[in-house]
Amino acid sequence: MQSVGSFFRTFSFRLLRDKFACFWLLIFPMLILGILILIFGNLTGDQFSFNSQVALIDDDQEEISSILTGVLEEIAGAENGWLQLNSYQDLEEARAGLGAGTYQAIFRIPPGFSREIMDNVSGQFRGQEVLPAGIEFYFREGEQSSEVTVTALNQVVEVFTGELYLETGLMLPAQRITAHSQMVEVRTEEGVSFNYVNYIIPGIILMAFLSTGMEELVTNLTVPRDRGILRRFFATPLQAFQYTGGLILYIVVIAAVQLLIIYWFGRWAFSAQIDLWSPLPLFFTLYSLLVLMGVGLLIATLARNASAAGRLVNIVFYPMMFLGGLYFPLEGMPGFIRLVTAINPVTYLINGLRESLGVFPSSTSLELNLLVPGIWLMAGLILGLKKFKWEAGQ
Amino acid sequence: MRPIRADSWEGGGVLEKAIVVTDLYKHYGAVKAVDGISLEILQGEVFTLLGPNGAGKTTTVEILEGLKEPDSGELVVLGQKSKKISRAMKDRMGVVLQQNTFMERITVKETFNLFASFFSQSLPVKDIIAKVALEEKTTALVETLSGGQKQRLAIGLALLNNPSIIFLDEPTTGLDPQARRNIWELIEELKEEQKTIILTTHYMEEAEKLSDYIYIMDHGQIIARGTPEELVAGLDQDNVIEFTLDPAMGVKDLDELGQIFPEYNLQDNQVNIYVRDMTDAFSRLLTWSREKDFSLENLMFRRPNLEDVFLDLTGKGLRD
C-alpha cells in the first residue's frame, strides 16, 4: 500500500509543477463559473420561447381602468401577439399562478385608480399638489422572461399615460402613472426556488470532474504506458492495481479540491446558496466522479494508443459538456442532439445532482439518473478490467 | 549443460546457480521468438546474451525480467522454481531496460523514493544516489538530465533493492565514449560485489570486456555458448586479414577470393579473411591482388574477436 501513497504524492508533485494543468484543473472552473453567471445570470428555465402570460386584475372597475384593460386586450388580441391576458378577481390566486410559473407577471389596477387620475387632472388646474396614480406589477425575481414582461407592460403604461394627458396639453412628471413592481419569490411545483447561480454551480462541478475524472485518468493510463514508463514499473514487484490505486486517490483528492474551490468561490463571489453537505448531493457528486472515471477507462481501453485516446477524449468531452445540460437547460433541441443528450451520462448525473441539491427539478426520474450513468460505469469497469492493455503496442 | 566452474570464484566454493532455464518457449503465432532454449546463469557472473535483431534475446530477457510470460518451460530463480517470474523474484531483481523513460516533472530523489516504495526493502536512497554519482542532480527534474545521467539514474533504480540479479539491456547504447566508460566502471564494481549481471549489448568491445560467459542466440535458439576466449578459440582461426573492398571488385572476383580463402566474409565494405598461417595467406593475397590490379586499402592484421564469432555463426553483424 506504500506504493499507492507514493504514486499519489508523485502525481500531486507533478501537477503542482505544471502551471497549465493547475490553471486548467483549479482556476479555469472558477473563471468559467464567473463568465457564465455574468452572461446568463438572469436566465430561467422557460427562457427560450418568449410568450408572456399575464394575470390581469382590475380591482378598480371604473371608467379609466376599463380603458386601460381595453388597451391591454387590444394588444393581446393582435396577431402574433406576445401577450396573453388571463383575468383574475383574486390577487392571491394570481400570485399562486405566478409562483407556479404559469404567468410571467401580474398586472393589477388597484381600487381608486380612476379616481386618482381624475383628481390629478382636476387638481392640476386648481394648482393643487399632484399625486401620481399607481399600477401594481408582480414578477419573479431573477427570471428574465418575467422581468422582460414587466418592462414591456411598463412601456404600455407609459404610452397610455401620454395619450391620457394629451388632451390637457400639459403633463407634469408627477402625473405619470407609476408602476409599483413587486418581486415574488418563485416556487416551482416541488417548492424549489430558481436561481442561476445555484443552478450553474453543480454544472461547473461536473465540468471540472470531466477534466479530472476522465481526462486525467486517460492521460495517466495511456501516456506512461506508451512511453514505456509503466513497463519499467512492472519490472518491479509493483502491481497494476497499486498504480491505479494511487492514480484514483490522486483524482479523488483533486476532485475534492475542485469541489471545495467552486463551492467556496460560488458562495463568496456570487452568494450561492447550495447545501452540498447532505448525503444525497454528496452521493451524486461521488457517483458522478466514479462514472466519469468509468468513461475514462472505457476510452483508455478502446483507444489504440495515447494520441488516439487524447483525440477520443476531445471528441467525447465537448458533447458530454455542452449536450449534458451543464450550463443551461436543454429543451426543444433537434433530434440528433436529443439523442446525444439521452445517452449522455452527464445529463442524468447533473439532473440527479441538481434535484438532490434542490436547485432545479430533474426532468428524468431518480431511477434513470442512477441507471444510465451506471451502465456507463459498468461498461467502463468490465471492458477496462478485461481488455485494458498495460503494455504498449499490442 | 556446461560444468560448474568451481575454480572461477575467488571464494573457492562451488558457484550457485542464480537462474536456470529449461525448455523455454514463446511463440507469437508462426513466429518462434523463443524456441526451446535452456540456459544456466551462475551467481556473481556477468552473463551476456548476444544475437542479431529478432534472434529472440529481448523476448528471453523480458521473460526473465517478468515482463512476459512464457508459453512453457521451467524457471529456477535463486532456488525458487516457477513457470513465470513471481513478485517475490522481482523483489530480488534490478532491471535496466533498453529504453528508460521516467515520469516527468518529478526530481531524481522523488523518482528514487517512488521506486523504493515498490520493493519490500530498499537501500538508503542517499547511498544509491552517491553510488551512481548523481548527488548534484538530487533535486533536478528528471527530464533535465543528460543521456549519461539518465542511464546512471536507470542503473541506480535497478540497485535500489540491493538485488541479487541485475538485468542490463543495452546499457550503453547511444552514450558518448566517456559516459560509456563510466557505466562500464559501474558494472565492474557490481561484479566485484558478486552481483549476477545479465547483459545484452550491441557492442562487441563491451561484451568482451565485461562478460564472463556468453550465449549466442539466433532464430529463437541457442547456437553457441562459452567464455569470450572459448568462443573465439572455437573459430579455429588465429588471424584475421582485413581490408576495404576495392570498388572495382565484382561478384566474380569475390568468388575467386572465396576459392583461395574459404573462410572469408564481407561486412558492409569490409573484407575479413580468417586464416591460421598468416605469412602464407598474406603472400597469396598479395599475389592475387597484384594479378588483378586491386588495391588493398586499410589493410590490417588482427586477432579474431567476438564480432568474428558472431559473423561466423549468424552471417550477420552484432549491430544488424
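In what follows, the structure referred to is the one given above.
Just so we're clear, the structure is a prediction, and the values are computed from it rather than from any experiment.

## Concerning the overall build of chain A
A tally of regular secondary structure across chain A gives 14 helices and five strands. Taking as baseline every contact in chain A between residues at least 6 positions apart, the subset at least 24 positions apart corresponds to 79%. A total of about 18,500 Å² of accessible surface is found on chain A, and carbon and sulfur atoms cover 61% of it.

## Thoughts on the packing of helix H9 (residues 251-260) of chain B against helix H10 (residues 278-292) of chain B
All names here are of chain B. As a packed pair, H9 and H10 sit with axes 11 Å apart at the nearest point and diverge in direction by 155 degrees. Between H9 and H10, the interaxial angle falls into the category roughly antiparallel. Two packed elements cross with a definite hand, and for H9 against H10 that hand is right-handed. On the side of H9, the interface is formed by Asp253, Glu256, Leu257 and Ile260, while H10 contributes Arg284, Leu285, Trp288 and Lys292. For the contact of H9 with H10, the residue count by class is four nonpolar, no polar and four charged.

## Examining the interface of chain A and chain B
By convention, interface size is frequently given as the accessible area that disappears when the constituent parts associate. Listed by partner, the interface residues are 24 residues for chain A and 26 residues for chain B. With both chains or domains summed, chain A and chain B bury close to 2,600 Å², and 57% of this area falls on carbon and sulfur atoms. Counting the surface chain A buries against chain B, the share from its top three residues, Arg17(A), Arg232(A) and Pro237(A), is 28%. In this assembly, chain A and chain B are joined by four salt bridges. For Glu110(B), the salt bridge identified is with Arg17(A), shortest N-O distance 2.7 Å. Run the count over chain A and chain B and you get 13 residue pairs in polar contact (both at pLDDT 80 or more). Elements supplying a minimum of two residues to the side of chain A that touches chain B: helix H1 (2-17) and helix H8 (229-233) of chain A. The element best represented in the side of chain A that touches chain B is H1(A), accounting for nine residues. When its residues are assigned to classes, the side of chain A that touches chain B shows nine nonpolar, eight polar and seven charged.

## Examining the pattern of salt bridges
The full count for this structure, using the stated rule, is 22 salt bridges over all chains. Measuring nitrogen to oxygen at the nearest pair gives 2.0 Å for the salt bridge that ties Glu62(B) to Arg231(A). Of the two residues, Glu62(B) is situated in helix H1 (residues 57-65) and Arg231(A) in helix H8; the pairing between them involves two chains. When its relative accessible area of 7% is taken as the criterion, Glu62(B) is described as buried. Look at Arg231(A) and you get partly exposed, because its relative accessible area is 22%. Ionic pairing is found between Arg276(B) and Asp236(B), a salt bridge with its closest N-O pair at 2.9 Å. Linking Arg276(B) in the loop between strand S13 (270-275) and H10 with Asp236(B) in the loop between helix H8 (228-234) and strand S11 (239-244), this pair joins segments that are 40 residues apart in sequence.

## Some points on H1(A)
Since there are 3.6 residues in each turn of an α-helix, residues three or four apart along the chain are aligned in direction. For H1(A), built from 16 residues, the straight-helix expectation of 22 Å at 1.5 Å per residue is met to within 8% by its first-to-last C-alpha distance of 23 Å. When we look at burial in H1(A), the residues that qualify are Ser3(A), Val4(A), Gly5(A), Ser6(A), Phe7(A), Thr10(A), Phe11(A), Ser12(A), Arg14(A) and Leu15(A). Turning to H1(A), the residues buried within the fold contact helix H2 (19-40), helix H7 (196-226), H8 and helix H9 (240-270) of chain A together with helix H3 (108-116) of chain B.

## As for a nonpolar patch on the surface
All names here are of chain A. Residues Phe23, Ile27, Leu31, Ile35, Leu38 and Ile39 make up a contiguous nonpolar surface patch of about 590 Å² in total accessible area. Tracing the sequence through the fold places isoleucine 39 in helix H2. Residue isoleucine 39 is classed as exposed on the basis of its relative accessible area of 56%.

## Re the packing of H1(A) against H2(A)
Residues and elements named next belong to chain A. The geometry of H1 relative to H2 is characterised by a closest axis approach of 5 Å and an angle of 95 degrees between their N-to-C directions. With respect to H2, the element H1 is oriented roughly perpendicular. Residues Leu15, Leu16 and Arg17 of H1 lie in contact with H2, whose contacting residues are Lys19, Ala21, Cys22 and Leu25. Among the residues making up the contact of H1 with H2, the classes are represented as five nonpolar, no polar and two charged.

## Notes on the packing of aromatic side chains
Considering all chains together, one arrives at 32 aromatic pairs over all chains under this definition. For the ring pair Phe388(A) and Trp390(A), a centre distance of 4.9 Å and an interplane angle of 85 degrees mean the geometry is edge-to-face. Under the relative-accessibility criterion, Phe388(A) is labelled buried at 8%. For Trp390(A), a relative accessible area of 27% corresponds to the partly exposed category. Clustering of aromatic rings is evident, with ring pairs tying together Phe7(A), Phe11(A), Phe233(A), Tyr243(A), Tyr250(A), Phe115(B) and Phe118(B).

Basis of the calculations
Residues numbered from 1 in each chain as written. Chains lettered and ligands numbered in written order. Predicted model: local features only at pLDDT ≥ 70, side-chain atom pairs only at ≥ 80, totals over all residues. Heavy atoms only, no water. Helix = DSSP H or I, 4+ residues; strand = E, 2+ residues; numbered from the N terminus. Contact = heavy atoms within 4.5 Å. Areas by Shrake-Rupley, 256 points an atom, 1.4 Å probe, with all protein chains shown as cover. Axes fitted to C-alpha atoms, helices over the stretch in contact; angles between N-to-C directions. Parallel < 35°, antiparallel > 145°, perpendicular 65-115°, else oblique. Left-handed = near helix turned anticlockwise from the far one by under 90°. Nonpolar A, V, L, I, M, F, W, Y, C, P; charged D, E, K, R; others polar. Buried area = accessible area lost by both parts, 1.4 Å probe. Salt bridge = Lys/Arg side-chain N within 4 Å of Asp/Glu carboxyl O. Polar contact = N/O pair within 3.5 Å; in protein donor to acceptor, adjacent residues only side chain to side chain. Buried < 20%, exposed > 50% of the residue type's maximum accessible area, 1.4 Å probe, protein only. Expected span 1.5 Å × (residues − 1). Patch = residues over 30% accessible without salt bridge, like charges linked within 9 Å, V, L, I, M, F, W, Y side chains within 5 Å. Phe/Tyr/Trp six-rings, centres within 6.5 Å; stacked < 30°, edge-to-face > 60°.

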